[in-house]
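Breakdown of the fold
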Amino acid sequence: MLLERARQWPQKMAYTFIDDSGKPASITYQQLAESAQSIAGNLCNQGVLDSSRALLIYPPGFDFLYALFGCFYSNIQAIPIALPKPKTQALFTHFIQHAKPQWILTHSSLVERIQPFINSSNRNVHLVCTDTLDPLPSAILPEPKSTIAIIQYTSGTTTLPKGVLVSFDNLTHNLNAIKNHFQLTANHVCYSWLPHYHDMGLIDGLLTPLFTNCLGILSSPHFVISNPANWLQVITEFNVNHTGGPNFFFDLCVEKVSKERLNKVDLRSLTHLYVSAESVRKKTLQRFALHFSEFGFRQELFTPGYGLAEATLMVSCKELNAPLRTEIKAGNEYMSLGRPIPDMKVLIINPETTKLTTGDEIGEICVSGPSLTPGYFEDERLTADSRITIENKTYFKTGDLGFLSEGELFVAGRMKDTLNVRGTNYQPEDLEYIIAQCHPQLAAMPCAVVSIQQESEKIVVLQELSGSASDIQRQSVREAIAQAVFMSFGLSVFDIKLLPPGSLQKTTSGKMKRLENRKLYEQGLW
């Protein structure tokens, strides 16, 4: 598709990247195609074998795009991962030993940081700095052979990350669904600040603009998270139509961006704002809509959705301009994440009996359809265990709990994170949400609710808190947490640990690793 775009519109602007200082730079389809062809030509000259794999380790920017399409052109399966750090060395070792890549593609500025991790992995792998390769813009490319485009590693919230095999057919179906659902055309502008090594940032952020033939605006996560006003300014300056993020980001915008700083912000170009990747809370969206209403934002523009790497990306999403819809079950309010995208089927099963649930009963979410990926890399057993046949169709068991109501999907939580107290199941996200509202010092501060087994299952709250909090404030927080949990759920909290910022273990996409945090607590490290 890139070569087709480059032939038809060689000088059309494809992407604009805004660096952390706010300075924009742009590339055309021709520049992108020639850079990708050059990388592919160089890799082929070095002896690419069929079904070769490459880890892609890049900072935010165009170099990752060049390498990604260079892999596509040379039949190399691309494996995007985050830049390894000392505290994620075990994760990098897992990637390199599990994926067994023949190549690591990166930028020359990162070599000194990456090389020690490669050395410690005890694996022979070719390290290639794609920005220093000789230009070969007219390289003769091999015939397409690989059906697998990407090996997308999952976030790993409850287990080690698994390598999901994403085919070119999967990408085509999902990208077409995104384009049609959001009614994107060549005249639209998309903006992504999400990490390019995760499915939402990669597929929606990077590939959707190309697939739709529209301008893609890119920036780093740091540019936006450090100052959410930057995101609003980009929307205004570039008349962005399509952008979004996880639920926490919209809380962050309200907490960090005062209206006084937004005298020139205009959000009227937005046709929608997607929300996904974690639990979606109605109160969060209402607060954001109220806070930014005078700048042209309407609550109906939010489009909460559900997706996962095993289904390429998007599974369901709220219709454009439809009102937000919630349902209450057992005192908990759940947000509708819309109907499944065309050709994708969602069913709910009882996780113990594997029988279909009746009515709107909560059970395990199962998905099927053209976006469902072939399985996990070199793990036939895990692939088979994650599948179930229902009504002569193969479904993927997501491990997520939810229910269907009037054809719309509602997500209740993760099966492995479920708390069972006195025979009743509770989702930690529900408790964490109540805790975040119970004290002014807890807004936008990470929290993990876990359970430990003693004579019976006990609730433990692991809460990050600013180090500047006084002893009186810390006691006030403890009392507020205990009261909020009891008043909302009738549960007593066994222990409350107040931790310094950055203590809780999360995935590289920011999802809470509750099982790992529980282990740290049980080991007495907190």
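The following paragraphs examine the structure supplied in this document. From a predicted model like this one, the values you see are computed outputs, not experimental measurements.

Before going further, it helps to spend a moment on the environment of Leu320. Within the secondary structure layout, Leu320 lies in the loop between strand 14 (314-317) and strand 15 (326-329). Between the C-alpha atoms of Leu320 and Thr185, which are 135 residues apart in sequence, the distance is 15 Å. For Leu320, the contacting residues outside a window of four places in its chain are His181, Phe182, Gln183, His272 and Thr303.

This part takes up the environment of Ala229. Tracing the chain through its elements places Ala229 in helix 9 (residues 229-238). Remark: the alpha-carbon pair of Ala229 and Lys259, spanning 30 residues in sequence, is separated by 10.0 Å. Leave out the neighbours within four places in its chain, and Ala229 touches Val257 and Arg261.

Turning next to helix 13 (residues 428-437). Helical geometry note: an α-helix holds 3.6 residues per turn, so side chains three or four residues apart project in the same direction. Within helix 13, seven of the 10 residues are buried, which leaves it mostly tucked inside the rest of the structure. Along helix 13, the positions that sit buried rather than exposed are Pro428, Glu429, Asp430, Leu431, Glu432, Tyr433 and Ile435.

With five of seven residues buried, strand 23 (residues 408-414) is to be regarded as a mostly interior element. Linkage of strand 22 (residues 393-405) to strand 23, two consecutive antiparallel strands, is achieved through a turn of two residues, within which Glu406 is found at a positive phi near 55 degrees.

A few words on the packing of helix 10 (residues 247-256) against helix 11 (residues 282-291). Contact geometry for helix 10 and helix 11: axes closest at 9 Å, N-to-C directions at 40 degrees. Accordingly, the angle class assigned to the pair helix 10 and helix 11 is oblique. Remark: the crossing between helix 10 and helix 11 carries left-handed chirality. Each of Asn247, Phe250, Asp251, Cys253, Val254 and Glu255 in helix 10 lies in contact with helix 11, whose residues at this interface are Thr284, Leu285, Arg287, Phe288 and His291. Looking at the contact of helix 10 with helix 11 residue by residue, the classes come out as five nonpolar, three polar and three charged.

Of the volumes computed, that of the second largest pocket is approximately 850 Å³. Every residue lining the second largest pocket is counted, 34 residues in all, and those nearest its centre are Asn332, Tyr334, Ile362, Gln427 and Asp430. Elements represented by at least two residues in the lining of the second largest pocket include exactly helix 11, strand 15, strand 16 (332-335), strand 25 (424-426), helix 13 and helix 14 (471-489). Within the lining of the second largest pocket, the residues separate by chemical class into 14 nonpolar, 12 polar and eight charged.

Across the interface, helix 13 lies against helix 14 with an axial gap of 9 Å and an inter-helix angle of 125 degrees. One way to sum up the angle between helix 13 and helix 14 is to call them oblique. Judged by the sense of rotation from one axis to the other, the crossing of helix 13 with helix 14 is right-handed. Residue-level contacts link Asp430, Leu431, Ile434 and Ile435 of helix 13 to Ile481, Ala484, Val485, Ser488 and Phe489 of helix 14. Classifying every residue of the contact of helix 13 with helix 14 by side-chain character gives seven nonpolar, one polar and one charged.

Turning our eyes to something else, we now look at empty space enclosed by the protein. Counting across every chain of the model gives two cavities of 30 Å³ or more. What the largest cavity holds in volume is close to 110 Å³. Contributing to the lining of the largest cavity are 14 residues, with Phe95, Tyr153, Thr154, His198 and Thr508 lying nearest its centre. Going through the elements one at a time, helix 4 (89-99) and strand 7 (148-153) are the ones with two or more residues in the lining of the largest cavity. Class assignment of the residues belonging to the lining of the largest cavity gives a composition of eight nonpolar, six polar and no charged. By volume, the second largest cavity is sized at about 30 Å³. As for the second largest cavity, its lining consists of Ile150, Gln152, Val166, Asp199, Ile203, Ala309 and Thr312. Put simply, the parts of the chain that give the lining of the second largest cavity at least two residues each are strand 7 and helix 7 (199-212).

Rules and cut-offs
- Residues numbered from 1 in each chain as written.
- Predicted model: local features only at pLDDT ≥ 70, side-chain atom pairs only at ≥ 80, totals over all residues.
- Heavy atoms only, no water.
- Helix = DSSP H or I, 4+ residues; strand = E, 2+ residues; numbered from the N terminus.
- Contact = heavy atoms within 4.5 Å.
- Buried < 20%, exposed > 50% of the residue type's maximum accessible area, 1.4 Å probe, protein only.
- Pairing = 2+ DSSP bridges.
- Axes fitted to C-alpha atoms, helices over the stretch in contact; angles between N-to-C directions.
- Parallel < 35°, antiparallel > 145°, perpendicular 65-115°, else oblique.
- Left-handed = near helix turned anticlockwise from the far one by under 90°.
- Nonpolar A, V, L, I, M, F, W, Y, C, P; charged D, E, K, R; others polar.
- 1 Å grid on protein atoms, 1.4 Å probe; cavity = no way out; pocket = protein on both sides within 12 Å on 5 of 7 lines; lining within 4 Å.
- Points joined across faces, edges and corners; volume = space filled by probe spheres on them.

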